[in-house]
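Chain by chain, the residues:
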Amino acid sequence: MLTVSDLHVSYGAINALSGVSFTIPQGAIVTLIGGNGAGKTTTLRTISGLLRPRSGSILFRGESITTLPAHTIVARGLCHVPEGRMVFANLSVDENLSMGAYLLRDRERIARNREFVFGVFPRLKERLRQTAGTLSGGEQQMLAIGRALMGDPTFLMLDEPSLGIAPRLIATIFEKIVEINRSQGITILLVEQNANLALEVSSQAYVLETGRVVMQGPSAELRDDPQLRATYLGGGPVT
Amino acid sequence: MTEFLQQLLNGISLGAIYALIALGYTMVYGVLRFINFAHSDVFMVGAFAGYYLGRHVPAGTIAGGLAVMLGAMVICAILGMTIERLAYRPLRGAPTLNVLITAIGVSLFLEYTGQLIFGATPRTFPQIFPVTTVQIGGLSVSSNQLLVIGVALVLMIGLQLIVFRTRIGTAMRAVSLNPNAARLVGVNNDVVISFTFGLGSALAAAGGILYAMNYPSIDPLMGVMPGLKAFVAAILGGIGNIPGAALGGLLLGTVETFVAGSAFSTYKDAIAFAILIVILLFRPAGLLGRFVAEKV
């Protein structure tokens, strides 16, 4: 569904990505793991059109989206839930959700999507009139994912959904991510620092290190890889 | 007491004009985080557009006056969007200082092109609206003053409806809060920014005509002082905050009028700006502004 080939991205003189390639099959949950500064967020920002690659290509459903502006990429069904959630803090939960459906004209469909989002995250329905900035971190993450779902995505990119969230909510959010994938068939690219969690919910994984893919394979295998365990999973024997 | 009410009315009508101009500064700041110094010259162009259009409609009629005002608003909306397209959009992503200097350049360009085309001599603004004076109690109220307040009120309510009730208005607020997140939900930020310039410039044009009706001579540099005051009003209310700009404008106009009517009339501008400094000392983000801690 998404093919990234030999992506090079730099910030001025600093190379953030030096030849990243991966493929994501339709319907899968694929994860991108790696430490700080490995280039995970840069990869997502380049795919969604917020950054321009220096070279390389990005194919989405067989068509190149490499140089398209961000707003036209969303229109193709590829939606990015950014790091730090980026909800519209002064807008109400309701308005945030409406913004998620910005490109949709069909009112009925918008209403249906809204009901679907409330089904996944009932908490949002309770907080509808509340200003998004006053929500807790976990609720903001729900809102950010809900906002993305409002736009009818076929492909969802999630950047660190566990970041800054109360531990008991992390499990809920990951359950919901799996649920969205199963029930709607939405393909998911998940970026996570919490490698354990990411490998648990995904089928394929890519490990990024200083702008390169250094390891890849089925998540179950990577979970047992001694080298990966030592670097990202806090060491320790296989349990 | 009559004296007080009279001055209050004068102040509110002057303040309403400042408010209309201030809204443009504050909206553009909201979406682009820079001060569009050329805004005060769009205000001037609005007055001149009114001057030329005013010669083609029957003088002193309400329909004619409204037609002139609407025409000038459309002309200035197009001008504002053109300025954004040609001068500011190529600098998207450049440091704010570069854009700011460009804005000063555009401002000077408009002022001196204005002198070239319109001439530097002040001209008398035609009476496009019917003019009468109404006596209410001991108060003498000119119809122009009522018109200023009425038009400003209608425009501000209209703006409020656009910003809070429409799709593009919600998009404006979204872009202002987080431009990247807006792009990620499919907003074409360029369209929203262009729309914002058009909207702000149309309000400035209306302000220009209302100003010209009350201070009936116009010249290419007429925008400088009201523009500066309106900019101050926008800061005073909290830059980026729409109700703040309206409040700041009204406050500044009222204070200025009262000082002008007192023994210290010579120092009216100095006192108005001194009040600004004092208010900002206690509320650095402006009256309705809130400091948002920037996360790095």
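Thresholds, definitions, all that
- Residues numbered from 1 in each chain as written.
- Chains lettered and ligands numbered in written order.
- Predicted model: local features only at pLDDT ≥ 70, side-chain atom pairs only at ≥ 80, totals over all residues.
- Heavy atoms only, no water.
- Helix = DSSP H or I, 4+ residues; strand = E, 2+ residues; numbered from the N terminus.
- Rg over C-alpha atoms; globule rule 2.2 N^0.38 Å.
- Buried < 20%, exposed > 50% of the residue type's maximum accessible area, 1.4 Å probe, protein only.
- Contact = heavy atoms within 4.5 Å.
- Pairing = 2+ DSSP bridges.
- Salt bridge = Lys/Arg side-chain N within 4 Å of Asp/Glu carboxyl O.
- Buried area = accessible area lost by both parts, 1.4 Å probe.
- 1 Å grid on protein atoms, 1.4 Å probe; cavity = no way out; pocket = protein on both sides within 12 Å on 5 of 7 lines; lining within 4 Å.
- Points joined across faces, edges and corners; volume = space filled by probe spheres on them.
- Axes fitted to C-alpha atoms, helices over the stretch in contact; angles between N-to-C directions.
- Parallel < 35°, antiparallel > 145°, perpendicular 65-115°, else oblique.
- Left-handed = near helix turned anticlockwise from the far one by under 90°.
- Nonpolar A, V, L, I, M, F, W, Y, C, P; charged D, E, K, R; others polar.
- Patch = residues over 30% accessible without salt bridge, like charges linked within 9 Å, V, L, I, M, F, W, Y side chains within 5 Å.
- Areas by Shrake-Rupley, 256 points an atom, 1.4 Å probe, with all protein chains shown as cover.
- Phe/Tyr/Trp six-rings, centres within 6.5 Å; stacked < 30°, edge-to-face > 60°.
- Lys NZ or Arg CZ within 6 Å of the ring centre and 35° of its normal.

Peer 1: Would you explain the overall build of chain B in this entry?
Peer 2: Along chain B, the regular secondary structure elements total 11 helices and four strands. Taking 2.2 N^0.38 as the reference for a compact globule, 296 residues should give roughly 19 Å; the C-alpha atoms of chain B span a radius of gyration of 19 Å, in line with that estimate. Counting only C-alpha atoms, chain B reaches 60 × 45 × 35 Å along its principal axes. Taking all 296 residues of chain B together, 50% fall into the buried category.

Peer 1: For this particular structure, what's the right way to read the side chain of B:Glu256?
Peer 2: Residues and elements named next belong to chain B. Inspection of the secondary structure assignment puts Glu256 in helix 10 (residues 242-260). The exposure class assigned to Glu256 is buried, which follows from its relative accessible area of 5%. If we ignore the near neighbours within four places in the chain, the residues touching Glu256 are Leu14, Tyr18, Lys229, Lys268 and Asp269.

Peer 1: Would you mind going over the sheet that holds strand 2 (residues 14-24) of chain A with me for this structure?
Peer 2: Hydrogen bonds between backbone groups are what pair the strands of a sheet, and the pairing can be parallel or antiparallel. All names here are of chain A. Here we have four strands laid out as an open sheet, ordered 2-1-4-5, and antiparallel in their pairing. In the strand order of this sheet, the two ends are held by strand 2 and strand 5 (63-64), each with one partner. Bridging between strand 4 (residues 55-60) and strand 5 involves two bridges; their strand directions are antiparallel. Bridge pairing links Leu59 to Ser64 in strand 5.

Peer 1: When you look at the pattern of salt bridges in this model, what are you seeing that I'm missing?
Peer 2: Note on pairing: side chains with opposite charge can pair once their charged atoms come close. If you walk through the whole model with that rule in mind, you get 15 salt bridges over all chains. A salt bridge links A:Arg109 to A:Asp152; the shortest N-O distance between them is 2.5 Å. Taken together, the residues span a long stretch of sequence, with A:Arg109 in helix 4 (residues 107-120) and A:Asp152 in the loop between helix 6 (137-150) and strand 7 (155-159) at a distance of 43 residues. Across the salt bridge formed by B:Glu84 and B:Arg92, the nearest N and O atoms sit 2.3 Å from each other. Linked through salt bridges whose partners overlap, the residues forming this network are B:Glu84, B:Arg89, B:Arg92 and B:Asp190.

Peer 1: Looking at this structure, I do not really get the interface of chain B and chain A. What am I missing?
Peer 2: When the parts come together, some accessible area is lost, and that loss is often what is quoted as the size of the interface. In this assembly, 18 residues from chain B lie in contact with 22 residues from chain A. Counting the surface lost from both chain B and chain A, the interface buries some 2000 Å², and carbon and sulfur atoms represent 62% of this. In terms of surface lost to chain A, no three residues of chain B exceed B:Arg167, B:Leu184 and B:Val185, which account for 36% of the buried area on that side. Counting the contacts that link chain B with chain A gives one salt bridge.

Peer 1: Could you clarify how one ought to interpret empty space enclosed by the protein in this entry?
Peer 2: Within the structure shown, the criterion is met by one cavity of 30 Å³ or more. Here the largest cavity defines a volume of roughly 50 Å³. Considering the residues around the largest cavity, the lining is formed by A:Cys79, A:His80, A:Val81, A:Pro82, A:Arg85, A:Ala144, A:Arg147, A:Ala148, B:Ala181, B:Leu184 and B:Val185. Among the elements of the structure, strand 6 (78-81) and helix 6 of chain A together with helix 7 (179-184) of chain B are those that each provide at least two residues to the lining of the largest cavity.

Peer 1: Quick question: what am I supposed to make of the sheet that holds strand 8 (residues 187-192) of chain A here?
Peer 2: Residues and elements named next belong to chain A. Strand order in the open sheet formed by six strands is 6-7-8-3-9-10, with mixed pairing between adjacent strands. Both edges of this open sheet fall to strand 6 and strand 10 (212-218), since each of them pairs with a single strand only. Strand after strand, the sheet turns through a mean of 15° between neighbouring axes, direction not considered. As paired strands, strand 6 and strand 7 are joined by four bridges and run parallel to one another. From the neighbouring strand, Cys79 faces strand 7, where its bridge partner is Leu156. Contacts from helix 7 (residues 167-184) reach strand 3 (29-33), strand 7 and strand 8, with the element oriented near 155° to strand 8.

Peer 1: Sorry if this is basic, but what is going on with the layout of surface pockets here?
Peer 2: Here the idea is plain: a probe the size of a water molecule rolls over the atoms and shows the empty space left. In this structure, the second largest pocket spans a volume of roughly 750 Å³. B:Leu32, B:Arg92, B:Gly93, B:Arg183 and B:Ile193 are the residues nearest the centre of the second largest pocket, which is lined by 29 residues in total. Among the secondary structure elements, those contributing two or more residues to the lining of the second largest pocket are helix 2 (70-75) of chain A together with helix 1 (2-32), helix 4 (96-118), helix 7 and helix 8 (189-214) of chain B.

Peer 1: For this particular structure, what's the right way to read the packing of helix 3 (residues 62-88) of chain B against helix 8 of chain B?
Peer 2: Packed helices, taken two at a time, are described by the angle between their axes plus the distance between the axes. Residue and element names in this part refer to chain B. Here helix 3 crosses helix 8 at 140°, and the two axes come no closer than 7 Å. Considering their axes alone, helix 3 and helix 8 lie oblique with respect to each other. When the axes of helix 3 and helix 8 are compared, the crossing they make is right-handed. Of helix 8, the residues touching helix 3 (which contributes Val68, Met69, Ala72, Met73, Cys76, Ala77, Gly80, Met81, Glu84 and Tyr88) are Ile193, Ser194, Phe197, Gly198, Ser201, Ala202, Ala205, Ala206, Ile209 and Leu210. Within the contact of helix 3 with helix 8, the residues separate by chemical class into 15 nonpolar, four polar and one charged.

Peer 1: Looking at this model, I keep getting lost on a nonpolar patch on the surface. Mind explaining?
Peer 2: Residue and element names in this part refer to chain B. Judged by side-chain polarity, Ile104, Leu108, Tyr112, Leu221 and Val224 come together as a nonpolar surface patch covering roughly 430 Å² of accessible area. Among the elements that line the nonpolar patch, the one with the most residues is helix 4, at three residues. Relative to the helices and strands, Ile104 is located in helix 4.

Peer 1: Any chance you could explain the packing of aromatic side chains here in plain terms?
Peer 2: The full count for this structure, using the stated rule, is 13 aromatic pairs over all chains. With a centroid separation of 5.5 Å and an interplanar angle of 45°, the aromatic rings of A:Phe22 and A:Tyr206 are classed as tilted. Taken together, the positions of A:Phe22 in strand 2 and A:Tyr206 in strand 9 (residues 204-209) put the pair 184 residues apart, joining distant regions of the chain. Across from the ring centre of A:Phe88, 4.8 Å away, lies the NZ or CZ of A:Arg147, which sits over that ring. Sitting above the plane of the A:Tyr102 ring, B:Arg167 keeps its charged end 4.1 Å from the centroid.

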